[in-house]
Amino acid sequence: MLIDTHVHSAGISPCSRRNPNQLIAEYIADKTDGFVLANHCLEEFTKGIGYRAWCEKYVEEYNITKKLGDKYGIKVFFGIEVTPNYQNLIHFLIYGITPEELLQSPELYKMSQEELYRYCEENGFLLYQAHPYRNGMVPQDPRYLHGVEINCHPGYTANMKEEVSAFATENNLRLICGSDFHGDHYKPKCGNYIPDSISNEKEFAEYLKNNQPEMEIMDVINVTL
């Protein structure tokens, strides 16, 4: 099955223009089998309600999306995209974390890369850097990453697949391909092929840890709606 590993919904990520119903409809339409709902996690979103209450809202948005996915045959996995306080252009994707584990988590955006990596290692999660090379950013310390992402968001000039792939090969890291879909541009057809038998976040992370999935990569050139 083809799984897009980087998707946002409007209930948690204000930059997204798609609610859960619209997300499921789009993935049905282009025959992608499922996605990881990896909404943004940054400190400014938690102000006024606190981290714990925000985590509860995050999980509620996921549960709504997953229920719709189950109804219409679209796999929806749980994930998160963390923006650390020290640099708002650096984004880390965490896979293998469950809703229950997020509810018990420390404030993830307050961690350094090494701290976040060690937290993931201790709990069986995987840490990938999202869209390195975008907007002049560079890959972060490979010692504290499990992988890096080739990102096909069509609002940027290129997916930088050659650069990302070279960095991964040089540092023995895994690759994934995600759309970073927000509904602000057309939805690229991209993702990672994983076994149909994978049914939850733990199985998904275990597969990524031990395998380099075949990827479907869309080449994009700054096309807007």
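Residues numbered from 1 in each chain as written. Predicted model: local features only at pLDDT ≥ 70, side-chain atom pairs only at ≥ 80, totals over all residues. Heavy atoms only, no water.

Before going further, it helps to examine the overall build of the protein chain. Regarding its fold elements, the protein chain presents 7 helices and 10 strands. With the C-alpha coordinates aligned to their principal axes, the bounding extent of the protein chain is approximately 40 × 35 × 35 Å. Residue burial in the protein chain is summarised as follows: out of 225 residues, 53% are buried. Of the contacts made within the protein chain by residues no fewer than 6 positions apart, 72% connect residues no fewer than 24 positions apart. On the protein chain, roughly 9800 Å² of surface is accessible, and the fraction owed to carbon and sulfur atoms is 48%. Taking the 20 positively charged and 32 negatively charged side chains of the protein chain as two groups, their mean positions are separated by 4 Å. (Helix = DSSP H or I, 4+ residues; strand = E, 2+ residues; numbered from the N terminus. Buried < 20%, exposed > 50% of the residue type's maximum accessible area, 1.4 Å probe, protein only. Contact = heavy atoms within 4.5 Å. Areas by Shrake-Rupley, 256 points an atom, 1.4 Å probe, with all protein chains shown as cover. Lys, Arg positive; Asp, Glu negative; His and termini not counted. Charge placed at Lys NZ, Arg CZ, Asp CG, Glu CD.)

This part takes up the packing of aromatic side chains. Applying the stated criterion across every chain, the model contains 12 aromatic pairs. Centroid distance Trp-54 to Tyr-58: 5.2 Å. Interplanar angle 55 degrees. Geometry classified as tilted. Taken together, the residues span about one helical turn, with Trp-54 and Tyr-58 both in helix α3 (residues 51-72) at a distance of 4 residues. The pair formed by Trp-54 and Tyr-58 is uniform in burial state, with each residue classed as buried. Three or more aromatic residues joined by ring pairs make a cluster, and in this case those are Tyr-51, Trp-54, Tyr-58, Tyr-62, Phe-78 and Tyr-109. Stacked on the ring of Tyr-156, the Lys or Arg Arg-134 has its end atom at 3.8 Å from the ring centre. Here Lys-187 stacks its cationic end above the ring of Tyr-27, 4.3 Å away from the centre of that ring. (Phe/Tyr/Trp six-rings, centres within 6.5 Å; stacked < 30°, edge-to-face > 60°. Lys NZ or Arg CZ within 6 Å of the ring centre and 35° of its normal.)

Turning our eyes to something else, we now look at the pattern of salt bridges. Within the structure shown, the criterion is met by 9 salt bridges. A salt bridge links Glu-26 to Arg-18, with the shortest nitrogen-to-oxygen separation between them at 2.4 Å. Residue classification places Glu-26 among the partly exposed residues on the basis of a relative accessible area of 21%. Across the pair Asp-219 and Lys-161 runs a salt bridge, and its minimum N-O distance is 3.2 Å. Linking Asp-219 in the segment after β10 (214-216) with Lys-161 in helix α6 (residues 161-170), this pair joins segments that are 58 residues apart in sequence. Taking relative accessible area as the criterion, Asp-219 reaches 52% and is therefore assigned exposed. (Salt bridge = Lys/Arg side-chain N within 4 Å of Asp/Glu carboxyl O.)

Next up on the list: the pairing of strand β6 (residues 126-129). Neither face of β6 is exposed, since Leu-126 and Tyr-128 on one face and Leu-127 and Gln-129 on the opposite face are all buried. Inspection of the sheet shows strand β5 (residues 92-95) paired to β6 by 4 bridges, in the antiparallel sense. Among the inter-strand pairings, Ile-94 is bridged to a residue of β6, identified as Leu-127. (Pairing = 2+ DSSP bridges.)

In this section: unusual backbone geometry. Positive phi values are uncommon outside glycine, yet His-131 reaches one of about 35 degrees. Relative to the assigned elements, His-131 resides in the loop between β6 and β7 (147-151). Residues other than glycine seldom take positive phi values, yet Asp-180 does so here, at roughly 50 degrees. The topology assignment puts Asp-180 in the loop between β8 (174-178) and β9 (191-193).

Let us now look at the side chain of Asn-39. Following the sequence through the fold, Asn-39 ends up in the loop between β2 (34-37) and β3 (40-41). In this structure Asn-39 touches Val-7, His-8, Ser-9, Ile-12, Ser-13, Tyr-58, Glu-61, Gly-79, Ile-80 and Glu-81, once residues within four positions along its chain are discounted.

Our next topic: the environment of Cys-152. In this fold, Cys-152 is placed in the loop between β7 and α6. The spatial distance from the C-alpha of Cys-152 to the C-alpha of Lys-187 is 9.2 Å, given a sequence separation of 35 residues.

Between two packed helices, the angle of one axis relative to the other and the distance separating the axes together describe the packing. Closest axis-to-axis distance for the helix α1 (residues 20-29)/α3 pair is 9 Å, and the angle between their directions is 35 degrees. In terms of crossing hand, the pair formed by α1 and α3 is right-handed. In this structure, α1 contributes Pro-20, Asn-21, Ile-24 and Ile-28 to the contact, and α3 contributes Glu-61, Ile-64, Thr-65, Leu-68, Gly-69 and Tyr-72. The class makeup of the residues in the contact of α1 with α3 is 6 nonpolar, 3 polar and 1 charged. (Axes fitted to C-alpha atoms, helices over the stretch in contact; angles between N-to-C directions. Left-handed = near helix turned anticlockwise from the far one by under 90°. Nonpolar A, V, L, I, M, F, W, Y, C, P; charged D, E, K, R; others polar.)

On to α6, then. Since the α-helix turns once every 3.6 residues, residues separated by three or four places project in the same direction. For α6, the complete set of buried residues consists of Val-164, Phe-167 and Ala-168. Projection of α6 onto a plane perpendicular to its axis shows the buried side chains occupying an angular sector of 100 degrees, all on one side. In this structure, α6 carries Glu-162, Thr-169 and Glu-170 as exposed residues pointing more than 90 degrees from its buried face. Buried residues in α6 make contact with β7 and β8. Where α6 ends, the next residue or the one after it, Asn-172, has phi of about 55 degrees, a positive value. (Arc of directions from axis to C-beta.)

Function cannot be inferred from these measures alone, as they are strictly geometric.
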